[in-house]
Amino acid sequence: MEKTKEEKRGQFQRLEGEIAEESKRLAIAIGGAAIYSAGVNLFIVPAGLYSGGIMGFAQIVRTILVSYLHLPIQNFDIAGLIYYAINIPVLLLGMKDIGKQFFVKTICCLTAVTIFLSFIPIPTETLLHNDILGSTVIGALMCGFGMGTALRMGASLGGTDIIALLLIKWKKNISVGKVNIITNAVLYGICLFLFDVSTVIYSLIYAAVSAFAVDHEHSQNINVEVRIITKLDDTGLEQEILQKMDRGITRLESTGAYTNEKSNMLYILVSKYEVGQLKNIVLKYDPHAFIVMNEGVTVIGHYKKKL
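The following refers to the structure shown. All figures in this text were calculated on a predicted structure; none of them were measured in a lab.

Now for helix α10 (residues 275-285). Among all positions in α10, only Val 275, Leu 278, Ile 281 and Val 282 are buried. Along the long axis of α10, the arc covered by the buried residues comes to 130°, so they all point the same way. For α10, the elements touching its buried residues are β1 (223-230), α9 (235-245), β3 (262-271) and β4 (290-295).

If you want it as structure tokens, here you go:
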């Protein structure tokens, strides 16, 4: 009975740790949403440019409603609300495939983006004194970093990110940045008919720089080879990796050349954003485990792309 109580206490502590870890990841993702929104409102909108993806379409709709149809809205940017409304069918489309946890985090981040875009004040002119190129680059880096941060924390800011993550599951050469560029080609083709050429050119520069920043920050497509050497013969470690991470494990028996002691080597392939979770699981069971990681490996064969 005493052992059962200890097991229950251990399970409760692990659950508390998992909740705390996921809460921390969600907070960081929302921070990415704030950075993205600040990049849009402080640099992109004052320069008269258009963000990429669904946000760009939301801004075009906003411009049509306010500038062409003269919708009486002052001191309030409705692009965030339009962005939220457009994202609803996209989320519903991917709800079954992206997973419950990813879906909940994305809803939280999408709501945060809508709030931030609605209330972060938009300057009447660019902060860099009419330096359109500088505003474009800084805004693109901020937006790309914000989107990549959310993705790295297992969430999304909505829009083409979700479509890209769904495509990643069946086509390995697809990345979030590539899908954004393709979508932006359509978007800026529309802009070419509505606005002047310089607006389209600077917006394309924004799209390219932000795509680079997203893929640089987002670790979804970076494969990591992990070797774990442990002296423990505990199936609990392997079972937790299999159940919580849904990753396969190859177990090899090994012998220390110096000590001649027997040990186990677990060989696992994960994406870079899963490394922290894997390390926490391993060290929970064996604080003295020897872990070797190799990033950027090429995988040929059955390897599950996860959201």
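Our next topic: the pattern of salt bridges. Throughout the structure, instances matching the rule amount to eight salt bridges. Glu 22 is the salt-bridge partner of Lys 105, the closest N and O atoms lying 2.5 Å from each other. Of this pair, Lys 105 sits in helix α4 (residues 100-119) while Glu 22 sits in helix α1 (residues 2-44), and the two are 83 residues apart along the sequence. In this structure, Glu 240 engages Lys 244 in a salt bridge whose closest nitrogen and oxygen atoms are separated by 3.2 Å. Highlighted residues: Glu 240 and Lys 244, both in helix α9, separated by four residues, approximately one helical turn. Look at Glu 240 and you get buried, because its relative accessible area is 8%. A relative accessible area of 40% means that Lys 244 is categorised as partly exposed. One salt-bridge network, in which partners are shared between bridges, spans Glu 22, Arg 25 and Lys 105.

This part is about the pairing of β3. With seven of ten residues buried, β3 lies mostly within the body of the structure. Bridge count between β1 and β3: eight bridges; the pairing is antiparallel. Paired with Glu 225 across the two strands is Leu 269, which belongs to β3. Examined bridge by bridge, strand β2 (residues 250-255) and β3 share six bridges and lie antiparallel to one another. Each residue of the ladder has a partner; that of Ser 254, found in β3, is Ser 263. The hairpin turn running from β2 into β3, its antiparallel successor, is six residues long, and Asn 260 in that turn takes a positive phi close to 60°.

In a packed pair of helices, the relevant descriptors are the angle between the two axes and the axis-to-axis distance. In the contact formed by helix α5 (residues 132-152) and helix α8 (residues 197-217), the axes pass within 7 Å of each other and the chain directions differ by 35°. Pair α5 / α8 crosses with right-handed handedness.

Procedures and definitions
Residues numbered from 1 in each chain as written. Predicted model: local features only at pLDDT ≥ 70, side-chain atom pairs only at ≥ 80, totals over all residues. Heavy atoms only, no water. Buried < 20%, exposed > 50% of the residue type's maximum accessible area, 1.4 Å probe, protein only. Helix = DSSP H or I, 4+ residues; strand = E, 2+ residues; numbered from the N terminus. Arc of directions from axis to C-beta. Contact = heavy atoms within 4.5 Å. Salt bridge = Lys/Arg side-chain N within 4 Å of Asp/Glu carboxyl O. Pairing = 2+ DSSP bridges. Axes fitted to C-alpha atoms, helices over the stretch in contact; angles between N-to-C directions. Left-handed = near helix turned anticlockwise from the far one by under 90°.

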